[in-house]
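Structural overview for review
For reference, the chains in residue letters:
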Amino acid sequence: QVQLVESGGGSVQAGGSLRLSCTTDRSIFSINVMRWYRQAPGKRRDMIATITSSGLTNYEDSVKGRFTISRDTDKNTVYLQMNSLKPEDTGVYYCCAGTGWGDVWGQGSQVTVSS
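What you see is a predicted model; the values in this text were computed from it and never measured. (Residues numbered from 1 in each chain as written. Predicted model: local features only at pLDDT ≥ 70, side-chain atom pairs only at ≥ 80, totals over all residues. Heavy atoms only, no water.)

1. Observations concerning the overall build of the chain
For the chain, the count of helices and strands is zero helices and eleven strands. When the helices and strands of the chain are read in sequence order from the N terminus, they spell out β-β-β-β-β-β-β-β-β-β-β. On C-alpha atoms alone, the chain measures out to a radius of gyration of 13 Å, which is about the 13 Å that the 2.2 N^0.38 rule sets for 115 residues. Expressed along its principal axes, the backbone C-alpha trace of the chain runs to roughly 40 × 25 × 25 Å. Within the chain, the proportion of its 115 residues that are buried is 38%. Sequence-distant contacts, at least 24 apart, represent 54% of the contacts inside the chain between residues at least 6 apart. By element, 46% of the accessible surface of the chain is carried by carbon and sulfur atoms, the whole surface being about 6,400 Å². The distance from the centre of the 12 positive side-chain charges to the centre of the 10 negative ones in the chain is 2 Å. (Helix = DSSP H or I, 4+ residues; strand = E, 2+ residues; numbered from the N terminus. Rg over C-alpha atoms; globule rule 2.2 N^0.38 Å. Buried < 20%, exposed > 50% of the residue type's maximum accessible area, 1.4 Å probe, protein only. Contact = heavy atoms within 4.5 Å. Areas by Shrake-Rupley, 256 points an atom, 1.4 Å probe, with all protein chains shown as cover. Lys, Arg positive; Asp, Glu negative; His and termini not counted. Charge placed at Lys NZ, Arg CZ, Asp CG, Glu CD.)

Spelled out as structure tokens, the structure:
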């Protein structure tokens, strides 16, 4: 089992942007889908963006039009570009690789949006 490595979190003011990254090595094979989750303080962990191995993307309504999930296969990295951030975007962001034999989770990355 490997731990996905997340980076790019931090603190920004409302309207700002951040880019999260989630990187693993090629020892994880047959990844069917990559997902980004967000867990707001005191709330459950919600799926906010997905990208399949074929490149199809889906977004939760609350982030649609503001967030973009993408992948770089050469770097074994999935990104979450977050624009026009709002205070309600504050939370811990987790990436998750769905392999077909089980999910592999990142450690989480804190994003704080103030106004």
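2. Things to note about the pattern of salt bridges
The tally for this structure, following the rule as stated, stands at four salt bridges. Close ionic contact of Arg66 with Asp89 constitutes a salt bridge, the shortest N to O distance being 2.8 Å. One end of the pair, Arg66, is in the loop between β6 (57–59) and β7 (67–72); the other, Asp89, is in the loop between β8 (77–82) and β9 (91–98), and 23 residues separate them in sequence. Asp89 matches Arg66 in its accessibility class, with the two residues each being buried. Connected through salt bridges with shared partners, the residues Arg38, Glu60, Arg66 and Asp89 form a single ionic network. (Salt bridge = Lys/Arg side-chain N within 4 Å of Asp/Glu carboxyl O.)

3. Overview of the pairing of β8
Counting buried positions over the six residues of β8 gives five, a clear majority of the element. Bridging between strand β3 (residues 18–23) and β8 involves six bridges; their strand directions are antiparallel. Opposite Ser21, over in β8, you have Tyr79 as the bridge partner. Note that β7 and β8 share six bridges and pair antiparallel. (Pairing = 2+ DSSP bridges.)

4. Here's the deal with the packing of aromatic side chains
This model, assessed by the stated rule, comprises two aromatic pairs. Between Tyr37 and Trp105, the ring centres sit 4.9 Å apart and the planes meet at 50°, which makes this aromatic pair tilted. Here Tyr37, found in strand β4 (residues 33–39), pairs with Trp105, found in strand β10 (residues 103–105); they are 68 residues apart in sequence, far enough to count as distant. Put simply, the rings of Tyr37, Tyr94 and Trp105 touch in pairs and so form one group of aromatic residues. Of note, Arg19 hangs over the ring of Tyr79, and the distance from its end group to the ring centre comes to 5.9 Å. (Phe/Tyr/Trp six-rings, centres within 6.5 Å; stacked < 30°, edge-to-face > 60°. Lys NZ or Arg CZ within 6 Å of the ring centre and 35° of its normal.)

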